[in-house]
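Residue-level structure breakdown
What follows is the residue order along each chain.
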Protein chains: 4
Amino acid sequence: MIPKTMQALVKTAAAPGMDMREMPVPEIGPADVLVAVETASVCGTDLHIYHWDEWAQARIKPPYIPGHEFCGIVAAVGDLVQGVAVGDFVSAEMHVACGHCLQCRSGQAHVCQFVKILGVDADGAFADYVRIPATNIWKLDPAIPRDFGSLFDPFGNAVHTVLSGAIAGQTVAVTGCGPIGLFSIAVAKACGAAKVFAIEPNEKRRELARVMGASVALDSAGDVAGAVHAATGGNGVDVLLEMSGHPAAIRQGFSILRMGGRASLLGIPSRPVEIDLANALIFKGATVHGINGRKMYETWYQAEALIRDSGVDLSPVITHRLPLARFDEAMHLLESGEASKILLTVGSN
Amino acid sequence: MIPKTMQALVKTAAAPGMDMREMPVPEIGPADVLVAVETASVCGTDLHIYHWDEWAQARIKPPYIPGHEFCGIVAAVGDLVQGVAVGDFVSAEMHVACGHCLQCRSGQAHVCQFVKILGVDADGAFADYVRIPATNIWKLDPAIPRDFGSLFDPFGNAVHTVLSGAIAGQTVAVTGCGPIGLFSIAVAKACGAAKVFAIEPNEKRRELARVMGASVALDSAGDVAGAVHAATGGNGVDVLLEMSGHPAAIRQGFSILRMGGRASLLGIPSRPVEIDLANALIFKGATVHGINGRKMYETWYQAEALIRDSGVDLSPVITHRLPLARFDEAMHLLESGEASKILLTVGSN
Amino acid sequence: MIPKTMQALVKTAAAPGMDMREMPVPEIGPADVLVAVETASVCGTDLHIYHWDEWAQARIKPPYIPGHEFCGIVAAVGDLVQGVAVGDFVSAEMHVACGHCLQCRSGQAHVCQFVKILGVDADGAFADYVRIPATNIWKLDPAIPRDFGSLFDPFGNAVHTVLSGAIAGQTVAVTGCGPIGLFSIAVAKACGAAKVFAIEPNEKRRELARVMGASVALDSAGDVAGAVHAATGGNGVDVLLEMSGHPAAIRQGFSILRMGGRASLLGIPSRPVEIDLANALIFKGATVHGINGRKMYETWYQAEALIRDSGVDLSPVITHRLPLARFDEAMHLLESGEASKILLTVGSN
Amino acid sequence: MIPKTMQALVKTAAAPGMDMREMPVPEIGPADVLVAVETASVCGTDLHIYHWDEWAQARIKPPYIPGHEFCGIVAAVGDLVQGVAVGDFVSAEMHVACGHCLQCRSGQAHVCQFVKILGVDADGAFADYVRIPATNIWKLDPAIPRDFGSLFDPFGNAVHTVLSGAIAGQTVAVTGCGPIGLFSIAVAKACGAAKVFAIEPNEKRRELARVMGASVALDSAGDVAGAVHAATGGNGVDVLLEMSGHPAAIRQGFSILRMGGRASLLGIPSRPVEIDLANALIFKGATVHGINGRKMYETWYQAEALIRDSGVDLSPVITHRLPLARFDEAMHLLESGEASKILLTVGSN
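So, here's what we can say about the structure.

Thresholds, definitions, all that
Residues numbered from 1 in each chain as written. Chains lettered and ligands numbered in written order. Predicted model: local features only at pLDDT ≥ 70, side-chain atom pairs only at ≥ 80, totals over all residues. Heavy atoms only, no water. Buried < 20%, exposed > 50% of the residue type's maximum accessible area, 1.4 Å probe, protein only. Helix = DSSP H or I, 4+ residues; strand = E, 2+ residues; numbered from the N terminus. Pairing = 2+ DSSP bridges. Contact = heavy atoms within 4.5 Å. Buried area = accessible area lost by both parts, 1.4 Å probe. Salt bridge = Lys/Arg side-chain N within 4 Å of Asp/Glu carboxyl O. Nonpolar A, V, L, I, M, F, W, Y, C, P; charged D, E, K, R; others polar. Polar contact = N/O pair within 3.5 Å; in protein donor to acceptor, adjacent residues only side chain to side chain.

1. Let's talk about the pairing of strand 13 (residues 237-242) of chain D
Residues and elements named next belong to chain D. Burial analysis of strand 13 places 6 of its 6 residues in the buried class, the great majority of the element. One ladder, built from 4 bridges, connects strand 10 (residues 172-175) with strand 13; its direction is parallel. Bridging across to strand 13, Ala-173 finds its partner in Leu-240. When strand 13 meets strand 14 (residues 257-265), the two strands line up parallel, connected through 5 bridges. Bridge assignment links Val-239 to a residue of strand 14, and that residue is Arg-262.

2. Some details on the interface of chain B and chain A
Taken residue by residue, the interface counts 37 residues in chain B and 37 residues in chain A. Of the roughly 3100 Å² buried where chain B meets chain A, counting both sides, 62% is carbon and sulfur surface. Viewed at the interface, chain A and chain B are joined by 0 salt bridges. Residues belonging to the side of chain B that touches chain A are distributed by class as follows: 20 nonpolar, 12 polar and 5 charged. Judged from the 3 bridges that link them, strand 15 (residues 273-275) of chain A and strand 15 (residues 273-275) of chain B form a sheet pairing that is antiparallel. In the strand pairing of strand 15 of chain B, A:Glu274 is matched with B:Glu274.

3. Quick look at the side chain of A:Ser91
Residue and element names in this part refer to chain A. With respect to the helices, strands and loops of the structure, Ser-91 is situated in strand 5 (residues 89-92). Judged by relative accessible area, which is 2%, Ser-91 ranks as buried. Within the local environment of Ser-91, its side chain forms a polar contact with the backbone oxygen of Phe-70, the two atoms lying 2.8 Å apart. When sequence neighbours within four positions are dropped, the list of residues in contact with Ser-91 reads Phe-70, Cys-71, Asn-136, Ile-137, Trp-138, Leu-140, Gly-149, Phe-152 and Trp-300.

4. Some thoughts on the interface of chain D and chain A
Counting residues at the interface gives 16 residues for chain D and 16 residues for chain A. Taking both sides of the interface into account, the surface hidden between chain D and chain A amounts to around 1000 Å²; carbon and sulfur atoms contribute 51%. Taken together, the connections running from chain D to chain A amount to 2 salt bridges. In this structure, D:Lys195 engages A:Asp309 in a salt bridge whose closest nitrogen and oxygen atoms are separated by 3.4 Å. For the interface between chain D and chain A, the tally reads 8 residue pairs in polar contact (both at pLDDT 80 or more). Looking at the side of chain D that touches chain A, the elements with two or more residues in it are helix 4 (179-190) and helix 9 (298-308) of chain D. For the side of chain D that touches chain A, the element with the highest residue contribution is helix 9 of chain D, accounting for 4 residues.

What follows is the structure in structure tokens.
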């Protein structure tokens, strides 16, 4: 029996903070699925929304329910839904593409011009229930550790970034070792990367980087270029995976990228970055990929296979578990740099 | 009979200017070819060297002979040379790759770590004779108009840029309509581009852009974004070919690139550029290629075929012809913006 | 006013032939579109169905309405349809993909495991009206010549085949000059192919091949290898586009493909083919693409752009126009080899 | 001190067998390297030459020294050689490309039209000394287990095959578990393949396949299609790596390849193969790669990294070690199916 109301974490107003509230359980349309959330995890984006920073002020329309990383049990399905059933354990792609634009019609739905992100532009998963269009549901293979179910969104970011170019036999630098950076290290190693250099100022994160398989974890304040060039015969790295969004890290990353290398950029700088295009990119004959979301749904298939079949272990990145109601604590742990990925358990789960 | 001395345009000193001098004809080694230059053309790089700007001061070691775009007749070949004979009409790839580095050994010789460019790092083609390693010689098909022989270097830049991604059926913006930009327009159209938007402040160049096949030539000071979006159903262009190196043009170019588009950057900014990576590239899921030189020698085969078989006509870009000795006039024509490509005739040709 | 009944060409029984019948106008669901057919064109597949050959006996379930190449005017749209309106001039992708399989979920809907082809597996367009799922509708740009509207299906096959690998600057052999082969010649030339060798036993078709832009049209019974090798410096062609499905043509095509070349196969052999894999493909390091349908919907965008913006002219391939009721005559013209593409006008059009 | 003569295994006549003979040590030219062979390994090709089968009769010109898989110590270098020194431990790419053809000039030297294979078309490594052009030398990283030095040729075949398309997260079938098939299994797993199905009639080889990392090893006489479809949700495999050259295995492999899959063919059929192109390849929209040799030298870099950095272990495939003089025994072990890879120790090593 689905109740009429539920507990939800709500961004109630155009101001810092969020609040637990009783809210109506969403009604679903004929092509929707209602999921009883079991676990939701906290993303850096949620912290921006919580703090109500410039980006959040421009994008977010309160009141609404944030949360875009989750897993749970299907509680109801609309009349037209096929292939998803009540009781299925699922996660979901929260980028809801329009289906009609050039990008959606030509294999690039992940950069749909009219995308709506559930948990950002519409109600999300920090609640007992969340409504998801059936096409966006991803059924979780029972062989996937249950704890990893809410992590397909950020893990998929990592998979998309790593696999946006050749990786087997390549030397790789990962700049920024938040959760997606850490996942990227494991993905790169699982896909045959030769050496992975993790570059990160925070020692705790460098330690996690080593656990995730980094060959070396370098303090970004040290002689990164010297260390990388020594270890690559003077060439620099074949591949740069930029996960920080920090201007200095971006420049440092390009400075160690070899002639003819590949850079995939996922970290989001908060303002324009000054970059020496001539030397960083043009003379170098580099290829640069901007990475947004996950390919629908190639990335999901790859992510599933890497966890299920190739032994990629996400558990070291999960540093904390808290009930949803302790979201304030979660936000503070995250911003302190003490936490990597925090799982929030929802409802009676 | 090869003489002992020759006339050459020499960068004699670390100061502005160049001088015609009598110089020894180069001696060739067993794997070299000596070419009697017939035509050399002037590149923007030559103008930097002439003016002795910051870049030139850092890179150029006078005295030496500049000039890296040319064609001529083979006058002598070394003992080990195969497949090139005295009397052949040839041009040459002036990027001399080392042959031993990672890039040279893995199909990326165009970004050789230890490249020497003849005409920049060693003696070039502004002279009666030039010495070229035999592997770098490109024999010119007699079906190629003789006037185009010296243009394979810049035309090859255009071909490399245009063909660094999909082009058939694509909408394209070319920012900057110097000779390489103009060539790119013709190449894009010959390779099936849908619409080509030429974006350029100089009206003379916009006129040439139309002659080369641009669907529209837009003044960069006008409402470029409005015009492009109107003509692309609001999508923006599929492909950006950046040929100017100007920060404002680069930013303008990215602003009209569609979600999921491709940008190929050839123009060299003279200093770091501030760029909104988040919106220009990352959210957009764009792919960016830095373009350096020509692929050895895929680009040369493509360039030859496009001229010979697909009717690409370079002649509108050739605005002036002068004897080599009138190089001062050529430099001034070039910097005034009045000239596009200037052919210098050499020796008694 | 949409009538209750319509005239349709019906495959009434599991036997040779087809018959004009009065049939109910299809009812549409909430996500469907009803199109008043203006023109339908005849495909080789229709001839197989007409003659009730082995393939047809295995695949076709009479009674049903064939016809999968068409254009017409939207007569009605279902309640959920967005972006398509009554009065729009449209064609459609007749491969209806399931939307749920691995292929549909990862950018390969054109090889959906559970595809239904309208006009083959369900009612098609040889009728006054045809029902199409809205997602499969392609709105025809008014700049497209109205006569070409029904040809996007076979023209799209050609575009998909040609653009399944590099084409600019490449030498190309097209084996088999039926309509799709002829279209391929024009597409290849419009996309910068160097030389196109059309290889075909029928002189009428060779003549059309020349009109469509073939550099040379060779009788497959002649010294094809000699001619191709002479014209390609002994290399053979860079690209083979196999459009015939005939074993001898397939072998001939591979025999002239250069080392490292690309072969894209669209012609369907009616039974297994003996092929010297070692020499045709493996030692050669060739890449072979099997081509099925059109990419959804990249191919449609490319096809539209090539006709509208790059001047690809399909009209030489349209050899006959007949009213639908004269289908027997059309089938005979097609099988005689006298016709290339036949347009059938439908209803009062 | 390099002696004047050496012991070598010689194909003395156009007849079955080989003989140990005293032969002159090869003289080297200015661009050559002389290597004192330490270990040579036996390839199936050597067995064809030994038995003097049809292929050997057409290709081989006795007398000459076979052997194309080896490692050893540089004993002398020509005057023009750079970067290789006496005492270096090396292997070599034995495909000596011409350097002048279209393929050599455009990044496809592995399919050079005029290739000479040392050990097949000219003297090879079954001898105390072998002469190698310096450009073909591959210096072995000291971190590579010494035993694996002679295996870069067949291991490189495997690497080239596996990495000729996407592999991370993919399901893979390997048909044929000779040494290259076995190596492919390990490479695929190291590069993130999801499941690898080894398909092979010989139980000993199936056992090795499991050791190398196959998820399942299936008897080709069993219900392969049933097992593969059950394990892939009915899809079939994403990737087929064909290593046997047997017609039945090729057909079986294609029968389990999914719609839109990739097949890379390395095994060489001894005669033409009957194949159902329509269903195996065309309707499927499959991509097929013919694989020849190793990419020069991308494959070598990848092979080195996979062994050195990704822990790929070749040792289970090395089933026997014998002195060169016991070549008859080696040939018989190989043809009995009892041996996988046999290392022959050379000289006093």
